[in-house]
Amino acid sequence: MDTNLTQTSSAQSRRILLGISGGIAAYKTAELVRHFKKAGAEVKVVMTPDATRFVTPLTLGTLSENEVHIEIFPENEAGSWTKHVSLGLWADLFIVAPATAQTLSKLVNGACDNMLTAVALTARCPVLVCPAMDHDMYIHPSVVANLDTLRARGVEVMEAEHGALASGLIGQGRLPEPIHIFETACGILEKRAASRTGSLQGKKVLVTAGPTREAIDPVRYISNHSTGTMGYEIARSAARRGADVVLVSGPTALATPENVRRIDVESTQQMYDAVQSHADADVVVMVAAVADFTPEMPSDSKIKKDGTARALALKPTIDILGALGSQKRPSQLLIGFALETDNGESNARSKLERKNLDWIVLNNPKEKGAGFGTTTNKVTLLGTSGAKVELPLMSKDEVAEAILETTLGKANR
Ligand SMILES: Cc1cc2nc3c(=O)[nH]c(=O)nc-3n(C[C@H](O)[C@H](O)[C@H](O)COP(=O)(O)O)c2cc1C
């Protein structure tokens, strides 16, 4: 069945985490994944070990175009233990379908013995649970009580449908048709979009990203390895929350995120000028890896190779973040980044205070999976009054979400 346009737009670009437990109706989830993919959603799947007896991870992995997660401790995958945290942070909606009596009981009690139940404890997004089981199981007081407990905690529960059951009986316990689960999920996503959009609706967000280049002569420059990915992801996350986003970007190979105004610059001075003309922003996130030094006397013509050694005299570049800090309005949220290889926390804290920031995001390019040129990052957020939030290794889009979630929620801690 084709999905209608409104549903398509509410699921488009949304991140759906589908948790499948070991009930006979697990086979229907293949179709559910198809509905979301057709609507333009990104889908990741977690399965209980017993669910893999009913439908293969290969089927779900192929349809979702993503790795299927089953074990909390997969072999030979350094660092992947953190996925139970990062998947929960990543998702816009976590759907458990089918939810077995066993998994419901674990969700109620906070059990954490497989990837699905672990993810459930870390999900910050809305959760939709779709129980499916034999009629007598479904009406058992323990299952009824478990569903009531989940509802009381704000979990959306989709009632099982009445009809022929795999046991041969007729009664209530069937998993709703995938299209109905999809429609319910779209309704939840719409509500979430409305509340999320509200969080930066009408706000202006200024982000810098990428490296800057300092000319030595017309063909050579000083720069660094920044690709701009982290800043672009923050701009994308802010735009998704409805902000008017201005992205001041050094040279990168990245496409402009949707609904983001991009201003391209090369030098630190150009970045300073562009930032100053948008310094009225409500939220400012300075991610760019700005060059700290610039040649004192850049040459107008190409410096010839003449066999002699040369020294390049450098002077400090203009301090973009420091200037923003000194002119910061009380209502403005100013977030800086610190890339430190040694004494990270104390250096970052001193930068936080010196530059009058609200938050600083610390990362260390020497740590595995962090810093330049990786798709992942591992950061620690330091706020005023000693606030400290250590995030696990996550993809940069997840890190961007977590940074906004933390700093917007606890802006002036
Ligand atoms: C053929 C078969 C079908 C089953 N169907 C269901 C079901 O629809 N719902 C349910 O709650 N349990 C069902 N079970 C029992 C679960 O598979 C069992 O409780 C399992 O431990 C669930 O583990 P999980 O929740 O970690 O996936 C079924 C078991 C078998 C053998």
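Computed from a prediction, not measured in an experiment: that's the story for all the values here. (Residues numbered from 1 in each chain as written. Predicted model: local features only at pLDDT ≥ 70, side-chain atom pairs only at ≥ 80, totals over all residues. Heavy atoms only, no water.)

A closer look at the side chain of Arg241
The topology assignment puts Arg241 in the loop between α10 (229-240) and β12 (244-249). A polar side-chain atom of Arg241 sits 3.2 Å from a polar atom in the side chain of Glu405. (Helix = DSSP H or I, 4+ residues; strand = E, 2+ residues; numbered from the N terminus. Polar contact = N/O pair within 3.5 Å; in protein donor to acceptor, adjacent residues only side chain to side chain.)

Quick look at the pairing of strand β7 (residues 161-164)
Each regular strand shows side chains that alternate between the opposite faces of the sheet. Of the strand pairs in this sheet, β7 and strand β8 (residues 170-174) are connected by 4 bridges, and their pairing is antiparallel. Opposite Gly163, over in β8, you have Gly171 as the bridge partner. Connecting β7 to the next strand, β8, in antiparallel fashion are 5 residues, including Gly168 with a positive phi near 100°. (Pairing = 2+ DSSP bridges.)

A few points about the pattern of salt bridges
Inspection of the entire model under this criterion finds 22 salt bridges. Across the pair Glu177 and Lys28 runs a salt bridge, and its minimum N-O distance is 3.6 Å. With Glu177 in the loop between β8 and α9 (178-198) and Lys28 in the loop between β1 (15-20) and α2 (29-38), this residue pair connects regions lying 149 residues apart in the sequence. Note on Glu177: relative accessible area 29%, which makes it partly exposed. Lys28 gets classed as buried once you look at its relative accessible area, which sits at 11%. (Salt bridge = Lys/Arg side-chain N within 4 Å of Asp/Glu carboxyl O. Buried < 20%, exposed > 50% of the residue type's maximum accessible area, 1.4 Å probe, protein only.)

Some points on the domain arrangement of the protein chain
Per the domain assignment, the segments making up the protein chain are domain 1 (5-197) and domain 2 (200-409). Each partner contributes residues to the interface: domain 1 has 12 residues there, and domain 2 has 13 residues. At the boundary of domain 1 with domain 2, total buried surface from both sides reaches about 1200 Å², with 46% on carbon and sulfur atoms. The tally of links from domain 1 across to domain 2 stands at 1 salt bridge. Across the contact surface, domain 1 and domain 2 share 1 residue pair in polar contact (both at pLDDT 80 or more). (Domains from an automatic or database assignment. Contact = heavy atoms within 4.5 Å. Buried area = accessible area lost by both parts, 1.4 Å probe.)

A short note on the sheet that holds strand β17 (residues 333-339)
Adjacent strands of a sheet pair through backbone hydrogen bonds, lying either parallel or antiparallel. The sheet built from 8 strands is open, its strands ordered β13-β12-β9-β14-β17-β18-β20-β21 with mixed pairing. If you trace the sheet from one side to the other, it starts and ends with β13 (260-264) and β21 (388-390), each paired once. Strand-to-strand twist in this sheet, taken as the mean axis angle between neighbours without regard to direction, amounts to 15°. In this structure, strand β18 (residues 359-363) lies alongside strand β20 (residues 379-383), joined through 5 bridges in antiparallel fashion. From the neighbouring strand, Trp359 faces β20, where its bridge partner is Gly383. (Axes fitted to C-alpha atoms, helices over the stretch in contact; angles between N-to-C directions.)

Overview of the environment of Ile188
Residue position: Ile188 is located in helix α9. Expressed as a C-alpha distance, the spacing of Ile188 and Gln269, which sit 81 residues apart in the sequence, is 46 Å. Excluding its chain neighbours within four sequence positions, the residues that come into contact with Ile188 are Leu93, Pro126, Leu128 and Glu156.

Thoughts on the site of the ligand
In the vicinity of the ligand there are 14 residues, among which Gly22, Thr48, Thr100, Ala101 and Thr103 approach most closely. Note that an oxygen atom of the ligand is positioned 3.0 Å from one of the side-chain N or O atoms of Asp50. A distance of 2.5 Å is found between an oxygen atom of the ligand and a side-chain nitrogen or oxygen belonging to Thr103. Compared with its free state, where it exposes 640 Å², the ligand has 66% of that area covered by protein. Looking at the shell around the ligand element by element, the count peaks at 3 residues for helix α5 (residues 101-109). Here the residues of the shell around the ligand sort into 6 nonpolar, 7 polar and 1 charged. (Near = heavy atom within 4 Å. Areas by Shrake-Rupley, 256 points an atom, 1.4 Å probe, with all protein chains shown as cover. Nonpolar A, V, L, I, M, F, W, Y, C, P; charged D, E, K, R; others polar.)

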